[in-house]
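# Examination of the molecular architecture
These are the residues of each chain, in order.
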Amino acid sequence: MHIYNTKTKQKEKFVPLEEGKVRIYLCGPTVYDDAHLGHARSALVFDLLRRVLKFDGYDVIFVRNVTDIDDKIINKAKESEKSIDEITSYYLNRFHNELEKLNILPPTIEPKATQNLQNIIEFIQKLIDMDFAYTIDDGVYFDVSKDKRYFSLSHRDSSDEQNIARVEQNSQKRDPKDYALWKFVSDKDIGFDSPFGRGRPGWHIECSAMIKAHLSTNKEYQIDIHCGGSDLIFPHHENEASQSRCESGVELAKYWMHNGFVQINNQKMSKSLGNSFFLKDALDEFFAEPLRYYLLSSHYRSNFNFSHQDLQISKKRLDKLYRLKKRVDSSKRSTPNKEFKKEILDALRDDLNISKALSVIDEMINDANEKLDLDPKNKSLKNELNSNFDLIFNLLGFGGMDQNSYFKMGLESELVKRVEELISQRDKAKIVKDYKRADEIRDELKELGIKIMDTPQGTIWERDE
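This text gives an overview of the structure that appears in the document. (Residues numbered from 1 in each chain as written. Predicted model: local features only at pLDDT ≥ 70, side-chain atom pairs only at ≥ 80, totals over all residues. Heavy atoms only, no water.)

## Examining the overall build of the chain
We count it as follows: The helix and strand labels rest on DSSP assignments: H or I over at least four residues marks a helix, E over at least two residues marks a strand, and numbering proceeds from the N terminus. Burial classes: relative accessible area under 20% of the type maximum marks a residue as buried, over 50% as exposed, and values in between as partly exposed (1.4 Å probe, protein chains only). Here, residues are in contact when the closest pair of their heavy atoms is within 4.5 Å.
Counting its secondary structure elements, the chain contains 15 helices and 15 strands. Seen through its principal axes, the chain has C-alpha atoms that stretch 90 × 50 × 35 Å. Burial analysis of the chain (465 residues in total) assigns 50% to the buried set. Contacts in the chain between residues far apart in sequence, at least 24 positions, make up 74% of those at least 6 positions apart.

## A word on the nonpolar core
How we decide: To qualify as a nonpolar core, a set must consist of buried Ala, Val, Leu, Ile, Met, Phe, Trp, Tyr and Cys residues joined through side-chain atoms within 4.5 Å.
In terms of nonpolar packing, the biggest core is built from 87 residues, with Leu49, Ile225, Phe306, Ile344 and Leu396 touching the most fellow members. Those residues in contact with leucine 396 that lie beyond four places of it in its chain are Leu48, Arg292, Leu296, Ile344, Leu348, Ile354 and Ile361. Counting 20 residues, the second largest nonpolar core, distinct from the first, contains Phe123, Val144, Tyr150 and Cys246.

## A closer look at the sheet that holds strand 3 (residues 21-26)
For clarity, the cut-off: Pairing between strands is defined by DSSP: at least two bridges between them are needed. Fitted lines through C-alpha atoms serve as axes, helices being fitted only where they are in contact, and the angles separating the N-to-C directions of these axes extend from 0 to 180 degrees.
Pairing is parallel in the open sheet, where four strands are placed in the order 4-3-9-10. On the outer flanks of this sheet lie strand 4 (59-64) and strand 10 (251-259), each paired with one strand and no other. Each adjacent strand pair in this sheet contributes to an overall mean axis angle of 25°, direction not counted. Bridging between strand 9 (residues 221-229) and strand 10 involves seven bridges; their strand directions are parallel. Residue cysteine 227 lies in a different strand from strand 10, and its bridge partner there is methionine 257.

## A closer look at helix 2 (residues 71-80)
In an α-helix, one full turn covers 3.6 residues, which means residues spaced three or four apart are oriented alike. Quick reminder of the rule: Directions are taken from the helix axis to each C-beta atom, and the arc is the one they span. Each polar contact in these results corresponds to two N or O atoms within 3.5 Å; when the atoms are within protein, one needs to be able to donate a hydrogen and the other to accept it, and residues that are neighboring in sequence are counted only if both atoms are side-chain atoms.
Turning to helix 2, its buried residues are Ile73, Ile74 and Ala77. In a view along the axis of helix 2, the buried residues occupy a sector of 100°, so they form one face of it. Facing away from the buried side of helix 2 by more than 90 degrees, the exposed set consists of Lys78 and Glu79. Structurally, helix 2 contributes buried residues whose contacts are with helix 3 (84-101) and strand 8 (199-201). Two or three places before lysine 72, at the start of helix 2, stands the capping residue aspartate 70, its side-chain oxygen 2.7 Å from that residue's backbone nitrogen.

## What about the pattern of salt bridges?
Two side chains bearing opposite charge may form a pair once their charged atoms approach each other closely. Worth spelling out the cut-off: Definition used for salt bridges: Asp or Glu carboxyl oxygen within 4 Å of a side-chain nitrogen of Lys or Arg.
Applying the stated criterion across every chain yields a total of 37 salt bridges. Here lysine 212 ties to glutamate 247 by a salt bridge, and the two come within 2.5 Å at their closest N and O atoms. Separated by 35 residues along the polypeptide, lysine 212 in helix 5 (residues 203-214) and glutamate 247 in helix 6 (residues 233-248) bring together distant segments of the chain. A salt bridge links glutamate 462 to lysine 326, with the nearest nitrogen and oxygen atoms 2.7 Å apart. Taken together, the residues glutamate 462 in strand 15 (residues 458-463) and lysine 326 in helix 9 (residues 308-328) connect sequence positions 136 residues apart. As far as burial versus exposure is concerned, glutamate 462 and lysine 326 are alike and both buried. A network of salt bridges, in which partner residues are shared, links Lys7, Asp147, Arg149, Arg245 and Glu251.

## Examining the packing of aromatic side chains
Filter applied, for reference: Paired rings are identified among Phe, Tyr and Trp, the last through its six-membered ring, by centres lying within 6.5 Å, and are further divided according to the angle between planes into stacked (under 30 degrees), edge-to-face (over 60) and tilted (the rest). Distance and angle both matter: a charge sits over a ring if NZ of Lys or CZ of Arg is within 6 Å of the ring centre and within 35 degrees of the ring normal.
A full pass over the atoms with the stated rule returns 17 aromatic pairs. Ring centres of phenylalanine 14 and tyrosine 58 lie 5.8 Å apart, and the angle between their planes is 80°; this geometry places the pair in the edge-to-face category. Of this pair, phenylalanine 14 sits in the loop between strand 2 (10-13) and strand 3 while tyrosine 58 sits in the loop between helix 1 (37-55) and strand 4, and the two are 44 residues apart along the sequence. Ring geometry for phenylalanine 14 versus tyrosine 255: centroids 5.3 Å apart, planes at 45°, classification tilted. Here tyrosine 255 lies in strand 10 and phenylalanine 14 lies in the loop between strand 2 and strand 3, a separation of 241 residues in the sequence. On the basis of relative accessibility, which here comes to 1%, the residue tyrosine 255 falls in the buried class. Three or more aromatic residues joined by ring pairs form one cluster here, namely Phe277, Phe286, Tyr294, Phe304 and Phe306. Stacked on the ring of tyrosine 4, the Lys or Arg arginine 301 has its end atom at 4.2 Å from the ring centre. Lying over the aromatic face of tyrosine 300, arginine 301 brings its terminal NZ or CZ to 5.9 Å of the ring centre.

## Regarding the pairing of strand 3
What counts, and what does not: When the strands point away from the viewer, a crossover counts as right-handed if the path from the first strand over the helix to the second runs clockwise.
With five of six residues buried, strand 3 lies mostly within the body of the structure. Bridging between strand 3 and strand 4 involves six bridges; their strand directions are parallel. Along strand 4, the bridge assignment pairs lysine 21 with aspartate 59. In the classification by handedness, the crossover that spans strand 3, the intervening helix 1 and the parallel strand 4 is right-handed. Pairing between strand 3 and strand 9: three bridges, direction parallel. Bridging across to strand 9, isoleucine 24 finds its partner in isoleucine 225.

## Overview of unusual backbone geometry
Geometrically, the link from phenylalanine 234 to proline 235 is a cis peptide bond, its omega value of 5° lying close to zero. You can see proline 235 is positioned in helix 6. Here lysine 9, not a glycine, exhibits a phi torsion of approximately 60°, which is positive. For asparagine 103, which is not a glycine, the phi torsion comes out positive at approximately 60°. Tracing the backbone shows asparagine 103 in the loop between helix 3 and helix 4 (117-129).

## Points about the state of the cysteines
Note the cut-off: Any cysteine sulfur atom paired with another within 2.5 Å is treated as part of a disulfide.
Considering all chains together, one arrives at zero disulfides under this definition. Cysteine 27 provides the cysteine sulfur closest to cysteine 227, a residue in no disulfide bond, and the two sulfurs are 9.0 Å apart. Residue cysteine 227 is classed as buried on the basis of its relative accessible area, which comes to 0%.

## Considering the packing of helix 1 against helix 12 (residues 379-396)
Here is the rule we go by: Convention used here: angles under 35 degrees read as roughly parallel, angles over 145 as roughly antiparallel, angles from 65 to 115 as roughly perpendicular, and any remaining angle as oblique. Residue polarity is assigned by list, with Asp, Glu, Lys and Arg as charged and Ala, Val, Leu, Ile, Met, Phe, Trp, Tyr, Cys and Pro as nonpolar; anything else, Gly included, falls into the polar class.
The interhelical angle for the contact between helix 1 and helix 12, taken along N-to-C directions, is 120°, at an axis separation of 7 Å. As far as their axial angle goes, helix 12 and helix 1 are oblique. Of the residues in helix 12, those touching helix 1 at Leu48, Arg51, Val52 and Phe55 are Leu391, Phe393, Asn394, Leu395 and Leu396. Looking at the contact of helix 1 with helix 12, its residues break down into seven nonpolar, one polar and one charged.

Laid out in structure tokens, this is it:
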């Protein structure tokens, strides 16, 4: 497998630190609000990475952290008059449920910042003891000047003023780029005791401490792959890499992978611009299976432009897979087509080339339909196609729904009940050769937005889009 390494700015052959095992860390959510499409996109593309590595036989240890103590969380708790735990538990549960709907595999380990306070405190204390960190009136700060390889990940110009724009300013700091490892708070504020004073951890230190506690090796790199959105490269990941390098003497990650921004109608999605699209709303409006397919449909490093029109076009492409499943209509399996399997794996092993992988699936669908047109009862072909469907589901995480259920997504239970009743009435009308009534019922179903198909196995139906 080859993946693009942000640090070296080139595609590299993936060679794990330990044979047969891969350690991956993905920056997770700060749980003070509902997840948005940016969270979903990042979770999806690295779920794809994990699936490909697992398919290739690796034992994948996948860690995704949770930031459950933060100024935004505290402010949310004060505004809502709820406890920190109530806020974080509520939004974390929603996050889990939404990712489960998208068929995203749960992490092997999901450490929380509040459960790792001792690890964080010990990490900071070691940086102080090694003179990489210092204390001033409002907290403990990391001394960026002590790391000569700072900016080696983001490749920024050290003299660029933008490099300090996202760092809190304090005249006591040794360097404007220095950032807080621990923020002091008063006895009245929410905080935790530590040898250097009562306070709360800074955001950047959490990930370094949790990687060391839950994932780190004793090799030249602590982990194989560090993942996240491209907006985290600086300052978050740069700071992680720096403080971990200084504390341990080795680099944090061998490979750094970053997914592109999510844009809404060609504008970067952000709360400040008021164009954030919550994942819960997208799931309600578009449903999980088409949404997963759509959010995976462009290469992970490219910026993703979300639009309703593009999603509808994407769904029609996914529909073709499920229409083929309808034609197969069998539960028997053999093995996937060798050429199909090779082509789709070659695409995904090439830095997750999803565009190529989806085109391979499109070609398989077209070829299968042509063969079924010539021989609709070809059992060996149908068994092979079912195995192809399984391969797609295991690798890409879509295509596993029941084909009939797929085309009924979004229909209210009362409507489903009404449709079933009308179809039953139509079947009875046909038995007594009341074809006029049967046609009337067909027209009534059409007015309800339902399309029916008569098959040897009986009448099947779906939404008419």
